[in-house]
Amino acid sequence: MTTNLFTTLQASLAREPERTALVWQGRPITGAALLERAGQMAAELLAQGVEPGDRVAVQVEKSHENVALFLGALQAGAVYLPLNTGYTMAELDYFISDAEPRVMVADPANAAALAPLVEQRGGRVLTMDAMGRGTLGDGADKRQPASSVSSAGPDDIAAILYTSGTTGRSKGAMLSHDNLWSNTQALIQTWGFTGDDVLIHALPLFHTHGLFVALDICLATGAKIILLPKFDADEVIDLMAEATVLMGVPTFYTRLLANPRLTRETTRHMRLFISGSAPLLAETHERFTERTGQAILERYGMTETGMNTSNPLDGERRPGSVGHPLPGVEVRVVDSDGEPVAPNEIGGIEVKGPNVFKGYWRLPEKTAAEFREDGFFITGDLGTLSPDGYLSIVGRDKDLIISGGFNVYPKEVEDILNDLPGVAESAVIGVPHPDFGEAVVAVIVPSDTSSPPDESAVIAATRDALAAYKRPKRVMLTEALPRNTMGKVQKSELRKVHQGLFG
Ligand code: AMP
């Protein structure tokens, strides 16, 4: 059987066409209606000149029409290319010149500015607003749903997602139909998804988490998706009475914990809380369990690979760990020569499996540099494997600090700082230093900004736990850590701000 993601999802939606697939602003949309709309989107894209393999770039607010557009692009055999709604015109210029989309679907407010950039490269701009309306929807309204599906097969590219590019330019990760479908199957099995599930979907639709993990699992199993434009703790708590699963980034969970309405009672109907895309503090995990009686299930993935590991559905969900490899996925932790390190020792995390992407768009050398000869992908994450096979992430290798020739893993220092009284959270970075090469600097968010902890007291408090070279040389205060939309702390921003600290 050829694995075309669209035909697979279509077959599952068509099995019980009158079932609600999606709820948007309180309005149920059946599987049949979603497929019909996807067909109209496909017909409109084809009429706009989209041919198999052409990129359809999409930078729009989240809506039900965005879901139909994703499916329609797949049906037409296009390469779906979602873009973060936060990208500026200068960033979009780069993505457009790199990806050369045949069609770019944009917010009406940006259409005029984007048109020359897109048209110069032979494409055209269509619009979609936060309600899903615009020239794309108007065009689709008039079309008969496309009856055919492109002949794209398992190894053809279904989507390109640009990496967040914290070092250098973003790279377009090419994901095949089989990359996406194999990962969907592994996750359905690991998390026990069925058609009885109801997912609260509060993640963005331009990132692997909200787009593939959340949508594909539900569309493939017949689970219902309650699609929210954004995360709102009160709204999410209200919906828990009728839902079974929440997929979130760690900030969702800290915001839920800040809400007194999060209780055992309000979460009673939920069977699973999933977290990923950024590290979940062990403390958040523990506080959530205390409050609700439910252990958050943390998993680990990335744009290039989809999901790699997960804590178990049945069995210990270990705080601070991202669990075991998913079925069919191999994970190893290695030294700089690619040799596996001993259990509990820190090394580079490498991954192999049907989930691993086909390469970076138009960058064969960069692609080759990220793979070992035996096919393992070098993730750039550092971690440890416990003797019983639980993976823990200690950070990105580029965030590793080398101070006076010694390696300092920021997470080890952050864990100590986060436990100190008066510290809400922290980020530890390396800052250029004339003697040490790099010096350890802690950026701290005080629990109470009116009486922040004293710098020398914080440094003194790390003395028992950390060797001198790991202790922060300076402690800087901030009201909030810079985070991207997926909740990841932007350490490159912090390094920029503090780079001149030591002259
Ligand atoms: P992205 O490609 O934007 O999804 O970012 C992927 C990166 O996010 C990974 O390489 C990790 O560094 C980080 N990440 C994802 N999930 C987790 C997790 N559960 N714990 C720690 N880091 C994570």
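Now for a quick tour of the structure.

About the thresholds
Residues numbered from 1 in each chain as written. Predicted model: local features only at pLDDT ≥ 70, side-chain atom pairs only at ≥ 80, totals over all residues. Heavy atoms only, no water. Axes fitted to C-alpha atoms, helices over the stretch in contact; angles between N-to-C directions. Helix = DSSP H or I, 4+ residues; strand = E, 2+ residues; numbered from the N terminus. Parallel < 35°, antiparallel > 145°, perpendicular 65-115°, else oblique. Contact = heavy atoms within 4.5 Å. Nonpolar A, V, L, I, M, F, W, Y, C, P; charged D, E, K, R; others polar. Buried < 20%, exposed > 50% of the residue type's maximum accessible area, 1.4 Å probe, protein only. Arc of directions from axis to C-beta. Polar contact = N/O pair within 3.5 Å; in protein donor to acceptor, adjacent residues only side chain to side chain. Pairing = 2+ DSSP bridges. 1 Å grid on protein atoms, 1.4 Å probe; cavity = no way out; pocket = protein on both sides within 12 Å on 5 of 7 lines; lining within 4 Å. Points joined across faces, edges and corners; volume = space filled by probe spheres on them. Near = heavy atom within 4 Å. Areas by Shrake-Rupley, 256 points an atom, 1.4 Å probe, with all protein chains shown as cover.

Some words on the packing of helix α1 (residues 5-15) against helix α7 (residues 177-191)
Angle between the axes and distance between the axes: these two values describe a pair of packed helices.
Now for step 1: Put simply, α1 and α7 touch, their axes get as near as 9 Å, and they point 40° apart. It follows from the interaxial angle that α1 and α7 lie oblique. Facing L5, F6, T8 and L9 of α1, the residues of α7 in contact are H177, L180 and W181.
Now for step 2: The residue inventory of the contact of α1 with α7, partitioned by class, reads 5 nonpolar, 2 polar and no charged.

Quick notes on α1
Now for step 1: Of the positions making up α1, those classed as buried are L5, F6, T8, L9, S12 and L13. The buried residues of α1 occupy an angular sector of 165° when projected down its axis, which confines them to one face.
Now for step 2: Of the residues that open α1, the one with a side-chain oxygen 2.8 Å from the backbone nitrogen of F6 is N4.

What to know about the pairing of strand β14 (residues 306-310)
Now for step 1: Of all the 5 residues making up β14, 5 are buried; the element is thus mostly covered by neighbouring parts of the structure.
Now for step 2: Alignment of strand β13 (residues 297-302) against β14, held across 4 bridges, turns out to be antiparallel. Paired with R299 across the bridge in β14 is S310.
Now for step 3: Taken together, β13 and the strand that follows it, β14, pair antiparallel across an intervening segment of 3 residues.
Now for step 4: Alignment of β14 against strand β15 (residues 324-325), held across 2 bridges, turns out to be antiparallel. Bridge pairing links S310 to H324 in β15.

Let's talk about empty space enclosed by the protein
Now for step 1: Per the stated rule, a full pass over the model turns up 2 cavities of 30 Å³ or more.
Now for step 2: Put simply, the largest cavity is a space of about 80 Å³.
Now for step 3: Surrounding the largest cavity, L175, N179, L180, N183, T184, L187, T208, F212, V213, T305, G306 and N355 form its lining.
Now for step 4: Taken together, the elements giving at least two residues each to the lining of the largest cavity come down to α7 and α8 (208-221).
Now for step 5: Counting residues per element, the lining of the largest cavity draws most heavily on α7, which supplies 5 residues.
Now for step 6: In terms of residue class, the lining of the largest cavity is built from 5 nonpolar, 7 polar and no charged.
Now for step 7: The space that makes up the second largest cavity amounts to roughly 30 Å³.
Now for step 8: Contributing to the lining of the second largest cavity are S182, N183, A186, P327, G328, V329, P354 and N355.

Focus on the site of the ligand
Now for step 1: Of all residues adjacent to the ligand, which total 15 residues, the nearest are E298, R299, T303, D381 and K488.
Now for step 2: Note that a nitrogen atom of the ligand is positioned 2.9 Å from one of the side-chain N or O atoms of E298.
Now for step 3: When the free accessible area of the ligand is taken as 500 Å², the share hidden by the protein chains comes to 92%.
Now for step 4: Listed by contribution, the elements that provide at least two residues to the shell around the ligand are β13 and β19 (391-396).
Now for step 5: With 5 residues, the single largest contributor to the shell around the ligand is β13.

Here we look at unusual backbone geometry
Across the chain, the bulk of peptide bonds are trans and the bulk of non-glycine residues have phi less than zero.
Now for step 1: The phi dihedral of S277 falls on the positive side, at around 85°, and the residue is not glycine.
Now for step 2: Secondary-structure assignment places S277 in the loop between β12 (272-275) and α11 (282-292).
Now for step 3: Within the chain, R362 stands out as a residue other than glycine whose phi angle is a positive 55°.
Now for step 4: Along the chain, R362 falls in the loop between β17 (347-352) and α12 (364-369).

Digging into the layout of surface pockets
Now for step 1: Quantified by volume, the second largest pocket comes out at close to 490 Å³.
Now for step 2: Taken together, 26 residues line the second largest pocket, and the ones lying closest to its centre are A202, P204, P229, K230 and T485.
Now for step 3: Of all the elements in the fold, those that place two or more residues in the lining of the second largest pocket are β4 (79-82) and α10 (250-257).
Now for step 4: With 3 residues, the top contributor of residues to the lining of the second largest pocket is α10.
Now for step 5: Here the lining of the second largest pocket is built from residues that sort into 15 nonpolar, 6 polar and 5 charged.

Concerning the sheet that holds strand β9 (residues 198-201)
Now for step 1: Spatial strand order, β2-β1-β10-β9-β11-β12-β13-β14-β15: 9 strands in an open sheet with mixed pairing. At either end of the open sheet lies a strand with only one pairing partner, and these are β2 (27-30) and β15.
Now for step 2: The pairing of β9 with strand β11 (residues 245-248) spans 2 bridges and is classified as parallel. Residue pairing for β11: I200 is matched across the bridge by L246.
Now for step 3: Contacting β11, β12, β13 and β14, α7 runs over the sheet at an angle of about 30° to β14.

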